[in-house]
Amino acid sequence: MRTSYCGVLGSEHIDQEVTLCGWVDRRRDHGGVIFVDMRDREGIVQVVFDPDCGEHFAQADRVRSEYVLKVRGKVRARTPETVNPEMATGQIEVYGLELEILNSSDTPPFPLDEHNKVGEDVRLRYRYLDLRRPEMLDNMRFRSRVTNVIRNFLDERGFLDIETPILTRATPEGARDYLVPSRTHDGKFFALPQSPQLFKQLLMVSGIDRYYQIAKCFRDEDLRADRQPEFTQVDVELSFTTEEEIMAINEEMVHTLFKQVLDVDLGQFPRMSHSEAMLRYGSDKPDLRIPLELVEIKDLMAAVEFKVFSGPANDPKGRVTALRVPGGSEISRKQIDDYTKYVSIYGARGLAYIKVNDKDDLEEGLQSPIVKFLPNEVRAAILERTGAENGDLIFFGADNRRVVSEALGALRCKLGADLNLYTCDWAPLWVVDFPMFEEDGEGGWTSLHHPFTRPACTPDELKSNPEGALSIAYDMVLNGTELGGGSIRIHNPDMQRAVFEVLGISDEEADEKFGFLIDALRFGCPPHGGLAFGLDRLIMLMTGSKSIRDVIAFPKTQTAACLLTDAPGSVDTKQLRELNIRLREKKPQEEG
């Protein structure tokens, strides 16, 4: 139907006759000559029609925005004064010989070149129009190229692309499952997989040895800018391997990806233990582009009379830290109040600070409401430990470890963005030596990763000291975003049952939920491990997009709805009856 894409034409095509198909991006009538900017997937080219075209000129006069056209014409050079350096095809134009209107179009609900002036809900409602925009087409093309590089890399290294089931059973992986009722098994439900975790381990038991899959995963959880209820994961698993080998393969894959697609050399990935990351940055996915660090001052505050500091300082589960901001004394009181509101999101009950005007004058050179509560020797020790200089600002966090780490860790990232403190474009990192468990808030334990992660200790050591147990797990972090996480898996039934015991999962419950996996571990399961990347999040970072929704063709909103198809939707009574499901009517809320 066509001989060329619009956006690929250039000077090398001059004097060639071409047939193009695409949409009308813009139409302009300049004194009897009609200019049509014609757009397809590859870009835009200017087509010119004059009265010599006869009936085709009349057709050109009829076209409007988003009409679908087929044009036969001849490529010619633009005159010097009409060359458009802003267009890839700006050196040439197509002189129209024939024009066929393949389809008309209603007036679009928003001009495609003014998408920023409309709400995202309108763009998502008419996503098929939004995807016509060059920026969105570029994102889709970019995504395709990334997955192509990943597939080629893994194929060349002996990994087999194997699909795993979408209809499976519920497993505890940290979020609510999406459930699918079974028509043929009364009262029973499938669950959509939160990850292919159990099946990829079973593939290792099967002798597949090296597996990968670009897999759809589903989690019914509260959404944010970098999360979707259905998302895509690059899943990799190996047998007879070590964490060093897995990390090396995946680091090489990301290196290759960035080099081939962005021509960026990420350099060597440093490694940092989970405990060091939390201590220095308050996060297990620190953004190393930001040269700010948390400094422990718990010992300095233990004897002060100010209970806001001394309370957490004398609590074994408390934490007191300082965050120095070089040149931060220029931050206004209003900005400090805004930062105080920001850290309250993470549970902080306030945000103490000291402005260092003259570090040598401990009486008058420090500006803060809290200075009067701190003896001079404590003031001096804080300045020395933080390395504060004149003109700096020091923020403080004092509460339980979780609140202080989350609040000041988030504040550190916000300050880095607000003050443009970034020292480089890309900062990759491996975070290793994660705790095996974390407290569940009810006196028990929950897995920090998942219950199939192998501990770095024996079963007896695990059961006697779950709080101190580390896992053989690793996360790849880039610019403060967790790109992927993985671990060496448990391949021994005794170790798996020890983990279940610590988690409070009885033998009966384990057999009910994971009996098929536990059985498989008894039949010669090889040592194995792997890693999974969030593909959507990776594409978002690489393209510099602000939202994960901009790199997914048909995303959901932050309320997990599809505005395009109006999903989720109602189901008729007949279908519900076939599933033996009855919807309970909501009772009106009582007044008062």
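Because the structure is predicted, anything quoted here is derived from the model rather than measured.

About the thresholds
Residues numbered from 1 in each chain as written. Predicted model: local features only at pLDDT ≥ 70, side-chain atom pairs only at ≥ 80, totals over all residues. Heavy atoms only, no water. Helix = DSSP H or I, 4+ residues; strand = E, 2+ residues; numbered from the N terminus. Buried < 20%, exposed > 50% of the residue type's maximum accessible area, 1.4 Å probe, protein only. Pairing = 2+ DSSP bridges. Polar contact = N/O pair within 3.5 Å; in protein donor to acceptor, adjacent residues only side chain to side chain. Contact = heavy atoms within 4.5 Å. Axes fitted to C-alpha atoms, helices over the stretch in contact; angles between N-to-C directions. Parallel < 35°, antiparallel > 145°, perpendicular 65-115°, else oblique. Left-handed = near helix turned anticlockwise from the far one by under 90°. Nonpolar A, V, L, I, M, F, W, Y, C, P; charged D, E, K, R; others polar. Salt bridge = Lys/Arg side-chain N within 4 Å of Asp/Glu carboxyl O. Phe/Tyr/Trp six-rings, centres within 6.5 Å; stacked < 30°, edge-to-face > 60°. Lys NZ or Arg CZ within 6 Å of the ring centre and 35° of its normal.

Participant: Run through unusual backbone geometry, naming residues and quoting values.
Facilitator: Of the consecutive residues A567 and P568, the connecting peptide bond is found in the cis state with omega at 0°. Locating P568 in the fold gives a position in the loop between α16 (535-543) and α17 (573-578). For N580, which is not glycine, the phi torsion reads 55° and is therefore positive. On the basis of relative accessible area, N580 is assigned to the exposed category, the value being 52%.

Participant: Go over the pairing of strand β10 (residues 230-239), please, and point to the residues and values.
Facilitator: Remark: a regular strand shows side chains that alternate across the two faces of the sheet. Among the 10 residues of β10, 9 are classified as buried, and the element is accordingly described as predominantly covered. As judged from the 7 bridges shared by β10 and strand β22 (residues 528-534), these two strands associate in the antiparallel manner. Counterpart to D235 in the pairing with β22 is A532.

Participant: Would you mind going over the side chain of R127 in detail, with residue names and values included?
Facilitator: Tracing the chain through its elements places R127 in helix α3 (residues 127-130). Side-chain polar atoms of R127 contact the side chain of D130, separated by 2.9 Å. Polar contacts involving the side chain of R127 include one to the main-chain carbonyl oxygen of R549, which spans 2.6 Å. What R127 contacts, discounting residues up to four positions off in sequence, is M136, R549, D550, I552, A553, F554, P555 and L564.

Participant: Could you give me a rundown of the packing of helix α10 (residues 333-344) against helix α12 (residues 401-418), with the residues and numbers involved?
Facilitator: Where α10 contacts α12, the two axes come as close as 9 Å, and the packing angle between them is 135°. Judged by the inter-axis angle, α10 sits oblique to α12. With respect to the hand of their crossing, α10 and α12 are arranged in right-handed fashion. Taken together, the residues of α12 that come into contact with α10 (itself represented by Y339, Y342 and V343) are A407, A410, L411, K414, L415 and D418. Tallied by class, the residues present in the contact of α10 with α12 amount to 7 nonpolar, no polar and 2 charged.

Participant: Can you explain the sheet that holds strand β14 (residues 352-356)? Please cite residues and give values.
Facilitator: Strand pairing in a sheet takes place through backbone hydrogen bonds and is either antiparallel or parallel in direction. Taken in spatial order, the 5 strands line up as β12-β13-β16-β14-β15 in an open sheet, and their pairing is antiparallel. Sheet topology places β12 (294-296) and β15 (366-367) at the edges, where each strand pairs with a single neighbour. Pairing between β14 and β15: 2 bridges, direction antiparallel. Its bridge partner lying in β15, V356 is registered against L366.

Participant: Tell me about the pattern of salt bridges, residues and numbers included.
Facilitator: Per the stated rule, a full pass over the model turns up 50 salt bridges. E120 serves as the salt-bridge partner of R549, at 2.9 Å between the closest nitrogen and oxygen. Taken together, the residues span a long stretch of sequence, with R549 in the loop between α16 and α17 and E120 in helix α2 (residues 120-125) at a distance of 429 residues. The exposure class assigned to E120 is partly exposed, which follows from its relative accessible area of 29%. For R333, the salt bridge is made with D337, and the minimal N-O distance between the two is 3.2 Å. Here D337 and R333 lie together in helix α10, a separation of 4 residues that amounts to about one turn. On the accessibility criterion, D337 (34% relative accessible area) is partly exposed.

Participant: Describe the environment of E98, with residues and values.
Facilitator: With respect to the helices and strands, the residue E98 is situated in strand β5 (residues 92-103). A sequence separation of 390 residues divides E98 from I488, and the C-alpha atoms of the two residues are 64 Å apart. Excluding its chain neighbours within four sequence positions, the residues that come into contact with E98 are F49, H56, K70, V71 and R72. A polar side-chain atom of E98 sits 2.9 Å from a polar atom in the side chain of R72.

Participant: Run through the packing of aromatic side chains, naming residues and quoting values.
Facilitator: Evaluation of the coordinates by the stated rule reveals 10 aromatic pairs. Judged by centre distance (5.7 Å) and plane angle (50°), the ring pair of F309 and F396 falls under tilted. In this pair, F309 sits in helix α9 (residues 307-313) while F396 sits in strand β16 (residues 393-400), placing the two residues 87 residues apart along the sequence. Accessibility expressed as a relative area gives 1% for F309, which makes it buried. Ring geometry for F500 against F514: centres 5.1 Å apart, planes inclined by 15°, an arrangement best described as stacked. Of the two residues, F500 is situated in helix α14 (residues 493-502) and F514 in helix α15 (residues 507-521); the sequence distance between them amounts to 14 residues. Of the two residues, F500 and F514, both sit in the buried class. Cation over ring: R125 sits above Y126, and NZ or CZ is 4.7 Å from the ring centre. In this structure, R289 packs its charged tip against the face of Y422, placed 4.1 Å from the ring centre.

Participant: Break down the pairing of β22 for me, with residues and values.
Facilitator: Counting buried positions along β22 gives 6 out of 7 residues, so the element sits mostly inside the fold. Direction of pairing for strand β21 (residues 481-488) relative to β22: antiparallel, over a ladder of 5 bridges. Bridge pairing links I488 to G529 in β22.

Participant: Just give me the short version of the sheet that holds β22, but keep the residues and values in it.
Facilitator: The strand order across the open sheet built from 8 strands is β6-β9-β10-β22-β21-β20-β17-β11, with neighbouring strands paired in mixed fashion. In the strand order of this sheet, the two ends are held by β6 (160-161) and β11 (271-273), each with one partner. Each of β11 and β17 (428-432) touches helix α7 (residues 274-281); the most contacted strand, β11, lies at about 85° to it.

Participant: Requested: an account of α14, with residues and values cited.
Facilitator: By the burial criterion, the buried members of α14 are M495, Q496, A498, V499, F500 and V502. On its buried face, α14 sits against β18 (437-439), β19 (445-447), α13 (459-464) and α15. The backbone nitrogen of D494 lies 2.8 Å from a side-chain oxygen of the residue at the head of α14, namely N492. Taken from the residues just after α14, G504 is the one with a positive phi, measuring 75°.

Participant: Explain the packing of helix α4 (residues 134-156) against α16 residue by residue, including any values.
Facilitator: Packing of α4 against α16 brings their axes to within 11 Å, and their N-to-C directions diverge by 120°. Considering the angle they form, α4 stands oblique to α16. Between α4 and α16 lies a crossing whose hand is right-handed. Residues N139, F142, R143, V146, T147 and I150 of α4 pack against L535, D536, I539, M542 and T543 of α16. Classifying every residue of the contact of α4 with α16 gives 6 nonpolar, 3 polar and 2 charged.

Participant: How would you summarise the environment of R76 if you had to cite specific residues and measurements?
Facilitator: Mapping R76 onto the fold places it in strand β4 (residues 68-77). For the pair formed by R76 and D15, sequence separation is 61 residues and the distance between their alpha carbons is 5.8 Å. Excluding anything up to four places from it in sequence, R76 contacts I14, V48, I92, E93 and Y95. At a separation of 2.8 Å, a polar atom in the side chain of R76 contacts the side chain of E93.

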